[in-house]
Structures are given as C-alpha cells and as structure tokens.
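# Report on the structure
The residues making up each chain are set out below.
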Amino acid sequence: QVQLVESGGGLVQAGDSLRLTCAASGRAFSGYGKGWYRQAPGKEREFVAAISGSGIITNYADSVKGRFTISRDNAKNTVYLQMNSLKPEDTAVYYCAARAGSAMITLERAGYDYWGQGTQVTVSP
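Now for a description of the structure that goes with this document. Every value quoted in this text rests on a predicted model; they were computed, and no experiment measured them.

Here we take up the sheet that holds strand S8 (residues 78–83). Sheet architecture is open: four strands sit in the order S1-S3-S8-S7, paired in antiparallel fashion. Each edge of the open sheet carries a strand with a single partner, namely strand S1 (3–7) and strand S7 (68–73). Taken pair by pair, the neighbouring strands of this sheet meet at an average axis angle of 15°, ignoring direction. Taken together, the six bridges between S7 and S8 define a ladder with antiparallel strand orientation. Bridging from a neighbouring strand, Phe68 pairs with Met83 of S8.

Rendered as structure tokens:
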C-alpha cells in the first residue's frame, strides 16, 4: 500500500522557520517528481514547490520564492520543505505529492498520483 506521510508542521511566530518532511513507503518513488501544495481555510489547494527525480530541477510559487527550499534524499525516499521567514499568510495545511511514472516536475495537481494526509502549519503575527 502506497503511503506518503508528512511531518514537521506546527505553530510558530512570524519570521520563524519550519522544516516539513514527507516520507514515502509502499513503493519506490525515489526517481520520480515530487511536490508540495498547501490549502488554507476557504481556499483551493495551491502549488508551493516541486522537484525533479534527480533533485536538480526545482520550481517555486512566487509567494514562497526565496523563503522556501525543496530538497530530497532518494536513498531515504524522502522529500523536504525548508520554510524560512514564515508569514501569517503561509498558514495552511501542507500536502506532499508524488508522481508515479515521471521524473519531471509539474505544477499541475493532476500530474500527481499520490498525496499525503497533510500537516498543519500555523503562523501567528
């Protein structure tokens, strides 16, 4: 059974940092594209960051560029999202996503085949 499990969320103050982790199990995702999305209350799920299977190519939403960094450790089948200089508007449930058959990155939600259950990030002013 395929599972993506996010961890590392929490309640922090504006300006603080958090590191989210997404661990994959059940099948080998190490060579495939992965991404992070987030969904705030009353809003649609939006793209945050994506990384290619090799880890060489990354892409970020404009709202997080320069503050967030996506990375991966294929030996551990894990992807990370380092979030610095957090703002209240970053408050959301953060979801990890994985592609089943492509090493390419994608910004499209439909391009991902598996999703985690999400981890809450709350940033207070």
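This part covers the state of the cysteines. A complete count under the given rule lists one disulfide for this structure. Cys22 shares a disulfide with Cys96; S-S distance 2.1 Å. Sign of the S-S torsion, about -75° for the bond between Cys22 and Cys96, identifies this disulfide as left-handed. With Cys22 in strand S3 (residues 18–25) and Cys96 in strand S9 (residues 92–98), this pair connects stretches of sequence that are 74 residues apart.

Conventions we followed
- Residues numbered from 1 in each chain as written.
- Predicted model: local features only at pLDDT ≥ 70, side-chain atom pairs only at ≥ 80, totals over all residues.
- Heavy atoms only, no water.
- Pairing = 2+ DSSP bridges.
- Helix = DSSP H or I, 4+ residues; strand = E, 2+ residues; numbered from the N terminus.
- Axes fitted to C-alpha atoms, helices over the stretch in contact; angles between N-to-C directions.
- Disulfide = S-S within 2.5 Å.

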